[in-house]
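Working through the structure, step by step
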Amino acid sequence: MRLFAAVVPPDHASRELASAVDRVRHLPGADTLRWTPHPGWHFTLAFYGEVADETVPELSERLARVARRTDSFPLALHGGGHFGDRALWVGAEGDVGTMRLLAERSEAAARKAGIDTGEHRHYRPHLSIARTRRPQDLRPYVAELRHFAGSEWTVDELRLVRSRLPVSGVRGEQPRYETVARWPLGGAG
């Protein structure tokens, strides 16, 4: 299974983001971007890639421990940015320190379960909203998102998510995400 650990914004935060994304999608050139549909919005904490079925129980057990050891925390969707000239994202504000800790612990859980997570990178909370195959100037979209500030919510669970990549070859088809397991953070359960 192709898996990752994630935080998923609640419905009210996603609705606020949908409003902001609608405004950005009306900017010139926005139709050339591949926009991530609302059901795909998430903060990836750690990407595991293809994980053997027999490894999933141990990974799940370790992620359950991570969740118990990490307190719930406040977060809000905020602003925007881009990675190079191919990915547009919305950022986060609130207790991003605990979010980073949760990401580091989620990555460590995979390593302890025998999963190669590749090169360790400093975690930057971001929720991808659009991508492009061809280089594109994303600064106008980032400028439109600059003042976006969603309302705060409490992150109270960690999810293990399966990613099913498109197989149909239909232009614009997006990956599908399915929650495999979820655990309450700290005392949230």
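Residues numbered from 1 in each chain as written. Predicted model: local features only at pLDDT ≥ 70, side-chain atom pairs only at ≥ 80, totals over all residues. Heavy atoms only, no water.

What follows is about the packing of aromatic side chains. For the structure shown, the criterion picks out two aromatic pairs. Aromatic side chains Phe4 and Tyr177 sit 5.7 Å apart centroid to centroid with 85° between the ring planes, which places their arrangement in the edge-to-face category. Of this pair, Phe4 sits in strand E1 (residues 2-7) while Tyr177 sits in strand E9 (residues 176-184); the two residues are 173 residues apart in sequence, bridging distant segments of the chain. Given the relative accessible area of 3%, Phe4 is considered buried. Classification of Tyr177 as partly exposed rests on a relative accessible area of 32%. Measuring from centroid to centroid gives 5.5 Å for Phe83 and Trp89, while their planes differ by 35°, and the two rings are tilted. Residue class for Phe83 comes out partly exposed when judged on its relative accessible area of 34%. (Phe/Tyr/Trp six-rings, centres within 6.5 Å; stacked < 30°, edge-to-face > 60°. Helix = DSSP H or I, 4+ residues; strand = E, 2+ residues; numbered from the N terminus. Buried < 20%, exposed > 50% of the residue type's maximum accessible area, 1.4 Å probe, protein only.)

A few words now on helix H2 (residues 56-69). Between its first and last C-alpha atoms H2 spans 20 Å; for 14 residues at 1.5 Å apiece the expected length is 20 Å, and the two agree. Those residues of H2 lying buried are Val56, Leu59, Ser60, Leu63, Ala64, Val66 and Ala67. In an axial view of H2, the angular spread of the buried residues amounts to 160°, which keeps them on one side of the axis. Among the exposed residues of H2, those oriented more than 90 degrees off its buried face are Pro57, Arg68 and Arg69. (Expected span 1.5 Å × (residues − 1). Arc of directions from axis to C-beta.)

Attention now moves to the sheet that holds E1. Reading across the sheet, the four strands line up as E3-E1-E8-E9 and stay open at both edges, with antiparallel pairing between neighbours. Looking at strand neighbours, the two that pair on one side only are strand E3 (43-50) and E9, the edges of this open sheet. For this sheet, the mean angle separating the axes of adjacent strands, direction not counted, is 20°. Where E1 and E3 come together, six bridges link them in antiparallel fashion. Note on E3: the bridge partner recorded for Leu3 is Gly49. Against the sheet, H2 makes contact with E1, E3, strand E8 (157-164) and E9, and its axis sits at roughly 150° relative to E8, the strand it touches most. Running at roughly 15° to E3, helix H3 (residues 96-112) makes contact with E1, E3 and E8 of the sheet. (Pairing = 2+ DSSP bridges. Axes fitted to C-alpha atoms, helices over the stretch in contact; angles between N-to-C directions. Contact = heavy atoms within 4.5 Å.)

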